[in-house]
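So the chains spell out like this:
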Amino acid sequence: MPNDPDVRVIRLAASSPRPSDPAGETKRVYHRRWPVRMHTARQWYPSRQEHRVIWRCPCIKGPADAPLMMGEKVYLVDS
């Protein structure tokens, strides 16, 4: 694995079950922030009873106090 701090290695493996709260919903806790590119989404409009395609602007996702992850991403398929 590279020791370059500008390269993130993301290990792809079989998913493991996530802990659930009593209601049965899974909760994710993020420890990093990351940039999200501009993208489309199907927005539901209840008054018209239809979906419309809208553009969502680029933003930074994740907790405000977490470190920002930038740089190249490398995927490692692990079995």
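Keep in mind the model is a prediction, meaning the values are calculated, not measured.

**Brief notes about the overall build of the protein**
Alright, step 1. Helices and strands together make up the secondary structure of the protein, namely zero helices and six strands.
Alright, step 2. Within the protein, buried positions represent 3% of all 79 residues.
Alright, step 3. In the protein, 59% of the contacts between residues at least 6 apart in sequence involve partners at least 24 apart.
Alright, step 4. Roughly 7300 Å² of accessible area belongs to the protein as shown, and the carbon and sulfur atoms make up 53% of that amount.

**Structural notes on the pattern of salt bridges**
Alright, step 1. For the structure shown, the criterion picks out one salt bridge.
Alright, step 2. Arginine 52 is paired through a salt bridge with glutamate 50; the nearest N and O atoms lie 2.9 Å apart.
Alright, step 3. Owing to a relative accessible area of 31%, glutamate 50 belongs among the partly exposed residues under this scheme.

**Description of unusual backbone geometry**
Alright, step 1. Even without glycine at this site, glutamine 49 takes up a positive phi of about 55°.
Alright, step 2. Among the secondary structure elements, glutamine 49 is positioned in the loop between β3 (39-45) and β4 (50-56).
Alright, step 3. Since its relative accessible area comes to 57%, glutamine 49 is described here as exposed.

**Topic: a nonpolar patch on the surface**
Alright, step 1. Side chains of Leu12, Tyr75 and Val77 sit close together on the surface and give an oily, nonpolar patch of about 330 Å² of accessible area.
Alright, step 2. Counting through the fold element by element, tyrosine 75 comes out in strand β6 (residues 72-77).

**A look at the state of the cysteines**
Alright, step 1. Overall, the coordinates contain zero disulfides when judged by the stated rule.
Alright, step 2. Take cysteine 59: it sits in no disulfide, and the sulfur closest to it among the cysteines is that of cysteine 57, at 8.6 Å.
Alright, step 3. Residue cysteine 59 is classed as partly exposed on the basis of its relative accessible area, which comes to 34%.

**Considerations on the confidence of the model for the protein**
Alright, step 1. On average, residues of the protein score 81 in pLDDT, and 77% of them are at 70 or above.
Alright, step 2. Averaged pLDDT values over the elements of the protein bottom out at 74 in strand β1 (residues 7-12) and peak at 97 in β4.

**Side note on the environment of proline 35**
Alright, step 1. In this fold, proline 35 is placed in strand β2 (residues 34-36).
Alright, step 2. The residues touching proline 35, leaving out its near neighbours within four places in the chain, are Cys59, Ile60, Leu68, Met69 and Met70.

**What about the environment of leucine 12?**
Alright, step 1. Take leucine 12: it is sitting in strand β1.
Alright, step 2. The sequence separation of leucine 12 and valine 77 amounts to 65 residues, and the corresponding C-alpha distance is 4.8 Å.
Alright, step 3. Once residues within four sequence positions are removed from consideration, leucine 12 is found in contact with Tyr75, Leu76, Val77 and Asp78.

About the criteria used
- Residues numbered from 1 in each chain as written.
- Predicted model: local features only at pLDDT ≥ 70, side-chain atom pairs only at ≥ 80, totals over all residues.
- Heavy atoms only, no water.
- Helix = DSSP H or I, 4+ residues; strand = E, 2+ residues; numbered from the N terminus.
- Buried < 20%, exposed > 50% of the residue type's maximum accessible area, 1.4 Å probe, protein only.
- Contact = heavy atoms within 4.5 Å.
- Areas by Shrake-Rupley, 256 points an atom, 1.4 Å probe, with all protein chains shown as cover.
- Salt bridge = Lys/Arg side-chain N within 4 Å of Asp/Glu carboxyl O.
- Patch = residues over 30% accessible without salt bridge, like charges linked within 9 Å, V, L, I, M, F, W, Y side chains within 5 Å.
- Disulfide = S-S within 2.5 Å.
- pLDDT = per-residue confidence, 0-100.

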